[in-house]
Amino acid sequence: MGEDALARLKSRPERYAEVTGRLRRHSVASLLALLDETYARTDWLADCGRIRCAVQVIAGSEDRFPTPEMSRRLAETIPNARLHIVQGGPHFPNRSHRAEVQQVIGEFLSALDV
């Protein structure tokens, strides 16, 4: 999915120039620090335990951030949350596994009588 996403981004030259321009403003060290903080930060997770509405978490098994384990931990933190892992799914499984994701969402909403 990463290569496909990069190809889509490159097909939009103005957006590609904007994104790469913003990245160039950072040093390698600052980008690595940002990634480290993003991957290591879990203090927001406790806040998710206060969510009281119905939640359906959908994750791709091939996603690297958040990983399926991170999504599992999130679903376990939110009271009564549902988790569905799309096997073979990338970061946006709704794009690559549209029918499966739509079915999961439909079942979730049906269970809520929506």
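One can find the structure itself at the top, above this paragraph.
This is a predicted model, so every value here is computed, not measured.

Draft legend 1. Quick look at the overall build of the chain. Within the chain, the secondary structure is distributed over 7 helices and 2 strands. Ordered by position in the sequence, the α and β elements of the chain form the string α-α-α-α-β-α-β-α-α. Taken against the 2.2 N^0.38 rule, which gives 13 Å for 114 residues, the C-alpha radius of gyration of the chain at 17 Å runs more than 25% over that of a compact globule. Across its three principal axes, the chain shows a C-alpha extent of roughly 50 × 35 × 25 Å. A total of 114 residues make up the chain; the buried ones form 23% of that total. Accessible surface, the chain as shown: approximately 8200 Å² in total, 55% of it carbon and sulfur. Charge separation in the chain, taken as the distance between the mean sites of 16 positive and 15 negative side-chain charges, equals 6 Å.

Draft legend 2. Spatial organisation of the layout of surface pockets. The calculated volume of the largest pocket comes to roughly 230 Å³. Lining the largest pocket are 16 residues, and of these Arg-41, Trp-44, Phe-65, Pro-66 and Met-70 sit closest to its centre. Ranked by residue count, the leading element in the lining of the largest pocket is helix α5 (residues 68-77), at 4 residues. Empty space within the second largest pocket amounts to approximately 190 Å³.

Draft legend 3. Examining the pairing of strand β1 (residues 56-60) more closely. Among the 5 residues that make up β1, 4 are buried, leaving the element largely enclosed by the rest of the structure. For β1 and strand β2 (residues 82-86), the ladder comprises 5 bridges, and the chain directions are parallel. For Ile-58, the partnering residue across the bridge sits in β2 and is His-84. For the segment spanning β1, α5 and β2, crossover handedness is right-handed.

What counts, and where the lines are drawn
- Residues numbered from 1 in each chain as written.
- Predicted model: local features only at pLDDT ≥ 70, side-chain atom pairs only at ≥ 80, totals over all residues.
- Heavy atoms only, no water.
- Helix = DSSP H or I, 4+ residues; strand = E, 2+ residues; numbered from the N terminus.
- Rg over C-alpha atoms; globule rule 2.2 N^0.38 Å.
- Buried < 20%, exposed > 50% of the residue type's maximum accessible area, 1.4 Å probe, protein only.
- Areas by Shrake-Rupley, 256 points an atom, 1.4 Å probe, with all protein chains shown as cover.
- Lys, Arg positive; Asp, Glu negative; His and termini not counted.
- Charge placed at Lys NZ, Arg CZ, Asp CG, Glu CD.
- 1 Å grid on protein atoms, 1.4 Å probe; cavity = no way out; pocket = protein on both sides within 12 Å on 5 of 7 lines; lining within 4 Å.
- Points joined across faces, edges and corners; volume = space filled by probe spheres on them.
- Pairing = 2+ DSSP bridges.
- Right-handed = clockwise from strand over helix to strand, strands pointing away.

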